[in-house]
Protein chains: 2
Amino acid sequence: MAKDTLDTRQLILRAALKRFANGGYAATSVQDIVDDAQVSKPALYYHFKDKAGLFQALVHEAHDERYRILREAAAQAEGIRAQLENILAGLFDYFGKNRELMRISFATMFAAPGEVPENLSYTDKCERNFEFVRSLIKRAQKSGELDKHFDCQELAFGFYGLANFHLVGHLVCKDCQPDRLTAQRVVELFLAGAAPKADAKKIRVQSKEKK
Amino acid sequence: MAKDTLDTRQLILRAALKRFANGGYAATSVQDIVDDAQVSKPALYYHFKDKAGLFQALVHEAHDERYRILREAAAQAEGIRAQLENILAGLFDYFGKNRELMRISFATMFAAPGEVPENLSYTDKCERNFEFVRSLIKRAQKSGELDKHFDCQELAFGFYGLANFHLVGHLVCKDCQPDRLTAQRVVELFLAGAAPKADAKKIRVQSKEKK
DNA sequence: GCTGTTACCTACCGTTCGGTAGGTTTATGG
DNA sequence: CCATAAACCTACCGAACGGTAGGTAACAGC
């Protein structure tokens, strides 16, 4: 009994995931989902309150999974560089394997208010995830691993922006799958900056324009 | 006659903009739009092929406007730092004033395939805009203003990611409006990197962990 | 003054939507 | 052997959807 229940529920979730990810919330009909899952519509409404509730279940799962990856990746490394690399590599890897779930996560973050069901609470989970990265960066600033001249909010924004853009970018074009090497280079850019390095050759074009 | 035509068409476009931006494509009905615009449904279908055509008109406008800003901001400044700052400041400013149009632009870029009407071509315009930034960066690399150790694609990704994340972030929370100062600091982070500067104080925590 | 075109209008079409009422099967506990 | 409840099923609802058929008012050209 419990096994069958789980199966049906899981079947619905998997079908809904695929549909929502590929078609968005509004454009996906409940009929589509139950057809894919090969269950009846009342079966869906038995397991979930309504269409919005089904969607919410997926969104929560996506954000929680992402949080888990952040924490795990950070815990398995020492030093901010290795941590950021690990986080990026972990996200890249998970994105490759769970493209659809991640697409839902992003879609809800960036979507218009009405695109997604009302009363869908996800901002708290977004903030929690962002806050975790911010705390990492703040700690690294205290230990001297990161520049204290920047606000830790700015740095967190910077890294999160870099990370998310890469994730979205490679969500769109599915051929180019980013790997650990990509993660390393992204972190390198984040840490070292785009300007030419002073230790390589002293160039002072920049400072003239600044002031 | 021509005046009335323009008025009606413009009324529809403005109403559609507001609706699509706040509710997304699928969740917005043609009826909503014509109600807002205070025109009849056939009036809409007289001026536009269908719902998708109306949407496409808005998307194209958004991307083209963004392209215009990119070019103008780059032309009015010398040196990559000033150019990037100008671009960011220009985008920030335009986002504040044309929140809805920009929201549509972003929504289509990140949306699921089915969320947006089929046969909607926007990738070429996205690429054109990105390509412009890339060309700027490539030129700056040649002139020695940017580090040649990074691929220009990587740098363009980095800057575009930083920029877009800030834009999206401030699209979500409308209280915090980024200004030119924000633009300067973002560019500073992009150029200088997050790692502590050698000229300030020699710290060698990083290099120990790197290898 | 008739015709053609533009720029709409009212009224309605067929379809699909999210959701449900009410009956049926299956497992379990007494 | 029967009662209860879980886990569905078929069949259908009213509402809303995108889109259109067919009529009309206003003006231009001949």
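Computed from a predicted model, the values in this text were never measured in an experiment.

Q: Outline helix H6 (residues 99-110) of chain B, listing residues and values.
A: Residues and elements named next belong to chain B. Over its 12 residues, H6 runs 16 Å from end to end, which matches the ideal 16 Å to within 8%, given 1.5 Å per residue. A large share of H6 lies buried, amounting to 10 of its 12 residues. Among the residues of H6, those classed as buried are Arg99, Leu101, Met102, Arg103, Ile104, Ser105, Phe106, Thr108, Met109 and Phe110.

Q: Which residues make up the pattern of salt bridges, and what values do they have?
A: The final tally for this structure, using the stated rule, is 20 salt bridges over all chains. Two residues, Asp64 of chain B and Arg128 of chain B, come together in a salt bridge whose shortest N-O distance is 3.1 Å. Residue Asp64 of chain B is found in helix H4 (residues 51-75), and its partner Arg128 of chain B is found in helix H7 (residues 123-142); the two are separated by 64 residues along the sequence. According to the relative accessible area criterion, Arg128 of chain B is partly exposed, its value standing at 26%. Through salt bridges with shared partners, one network takes in Asp64, Lys125 and Arg128 of chain A.

Q: Can you break down the environment of Ser105 of chain B residue by residue, with the values?
A: Residues and elements named next belong to chain B. With respect to the element layout, Ser105 can be found in helix H6. The exposure class assigned to Ser105 is buried, which follows from its relative accessible area of 0%. In the structure, Ser105 is positioned 21 residues away from Cys126 in sequence and 9.5 Å away in space, judged by C-alpha atoms. In contact with Ser105, other than residues within four places in its own chain, are Ala62, His63 and Arg66.

Q: For the interface of chain B and chain A, give the residues involved together with the corresponding values.
A: With 56 residues of chain B in contact, the opposing surface of chain A contributes 56 residues. The interface formed by chain B and chain A holds two salt bridges in total. The partner of Arg185 of chain A in a salt bridge is Glu154 of chain B, with the nearest N and O atoms 2.4 Å apart. Inspection of the region where chain B meets chain A yields 12 residue pairs in polar contact (both at pLDDT 80 or more). Counting only elements with at least two residues in the side of chain B that touches chain A, the list comes to helix H1 (2-23), helix H5 (80-97), H6, helix H8 (152-172), helix H9 (180-192) and helix H10 (205-210) of chain B. Among the elements that make up the side of chain B that touches chain A, the one with the highest residue count is H8 of chain B (13 residues). When grouped by side-chain class, the residues that make up the side of chain B that touches chain A number 29 nonpolar, 14 polar and 13 charged.

Q: Explain the confidence of the model for chain A to me, and be specific about the residues and the numbers.
A: With 91% of its residues at a pLDDT of 70 or more, chain A shows a mean pLDDT of 84. Taken together, the stretch residues 200-211 of chain A has pLDDT below 50 and engages in 13 contacts with residues farther than four places along the chain or on a different chain.

Q: Got a sec to walk through the packing of aromatic side chains? Specific residues and values, please.
A: Inspection of the entire model under this criterion finds 19 aromatic pairs over all chains. A centroid spacing of 6.1 Å and a plane angle of 80 degrees characterise the contact between Tyr67 of chain B and Phe132 of chain B, whose relative ring orientation is edge-to-face. A residue pair is termed long-range when its members are at least 10 positions apart, and Tyr67 of chain B in helix H4 and Phe132 of chain B in helix H7 qualify at 65 residues. Aromatic side chains Phe130 of chain B and Tyr160 of chain B sit 5.2 Å apart centroid to centroid with 85 degrees between the ring planes, which places their arrangement in the edge-to-face category. Within this pair, whereas Phe130 of chain B is found in helix H7, its partner Tyr160 of chain B is found in helix H8, the two being separated by 30 residues in sequence. Of the two residues, Phe130 of chain B and Tyr160 of chain B, both sit in the buried class. Taken together, the aromatic side chains of Phe130, Phe157 and Tyr160 of chain A together with Phe165 of chain B make up a single cluster linked through ring pairs.

Q: Could you give an account of the domain arrangement of chain A, with specific residues and numbers?
A: Residues and elements named next belong to chain A. As far as domains go, chain A holds domain 1 (1-48) and domain 2 (53-210). The C-alpha-based centres of domain 1 and domain 2 are spaced at 31 Å. Buried surface at the junction of domain 1 and domain 2, summed over both partners, amounts to about 1100 Å²; 81% is from carbon and sulfur atoms. Looking only at domain 1, the three residues that lose the most surface to domain 2 are Leu17, Ala21 and Tyr25, adding up to 47% of its buried area. Applying the counting criterion to the domain 1 and domain 2 interface returns zero salt bridges. The element best represented in the side of domain 1 that touches domain 2 is helix H1 (residues 2-23), accounting for eight residues. For the side of domain 1 that touches domain 2, the class distribution of residues is 11 nonpolar, one polar and one charged.

Q: Give a detailed account of H7 of chain B, specifying residues and quantitative values.
A: Residue and element names in this part refer to chain B. Taking 1.5 Å per residue, 20 residues should reach 28 Å; H7 reaches 28 Å between its end C-alpha atoms and fits that length. Within H7, the full set of buried residues consists of Lys125, Cys126, Asn129, Phe130, Phe132, Val133, Leu136, Ile137, Ala140 and Gln141. Here the buried face of H7 lies against H4, H5, H6 and H8. Once H7 finishes, Gly144 follows within two positions and takes phi at roughly 85 degrees, a positive value.

Q: How would you summarise the environment of Leu17 of chain B if you had to cite specific residues and measurements?
A: Residues and elements named next belong to chain B. Considering the arrangement of structural elements, one finds Leu17 in helix H1. For the pair formed by Leu17 and Leu58, sequence separation is 41 residues and the distance between their alpha carbons is 6.9 Å. Residues within four places of Leu17 in sequence aside, it is in contact with Leu58, Glu100, Leu101 and Ile104.

Q: Give me the relation of the copies chain B and chain A: which residues, what numbers.
A: In the superposition of chain B on chain A (RMSD 0.1 Å, axial shift 0.0 Å), the rotation amounts to 180 degrees. Interpreted geometrically, this transformation is the action of a two-fold axis. The C-alpha atom lying nearest the rotation axis in chain B is that of Gly193 of chain B; the distance is 1.7 Å. Interface residue correspondence from chain B to chain A reaches 100%, placing this contact among same-surface, isologous pairings.

Cut-off values and rules
Residues numbered from 1 in each chain as written. Chains lettered and ligands numbered in written order. Predicted model: local features only at pLDDT ≥ 70, side-chain atom pairs only at ≥ 80, totals over all residues. Heavy atoms only, no water. Helix = DSSP H or I, 4+ residues; strand = E, 2+ residues; numbered from the N terminus. Expected span 1.5 Å × (residues − 1). Buried < 20%, exposed > 50% of the residue type's maximum accessible area, 1.4 Å probe, protein only. Salt bridge = Lys/Arg side-chain N within 4 Å of Asp/Glu carboxyl O. Contact = heavy atoms within 4.5 Å. Polar contact = N/O pair within 3.5 Å; in protein donor to acceptor, adjacent residues only side chain to side chain. Nonpolar A, V, L, I, M, F, W, Y, C, P; charged D, E, K, R; others polar. pLDDT = per-residue confidence, 0-100. Phe/Tyr/Trp six-rings, centres within 6.5 Å; stacked < 30°, edge-to-face > 60°. Domains from an automatic or database assignment. Buried area = accessible area lost by both parts, 1.4 Å probe. Least-squares fit on C-alpha atoms with pLDDT ≥ 70 in both.

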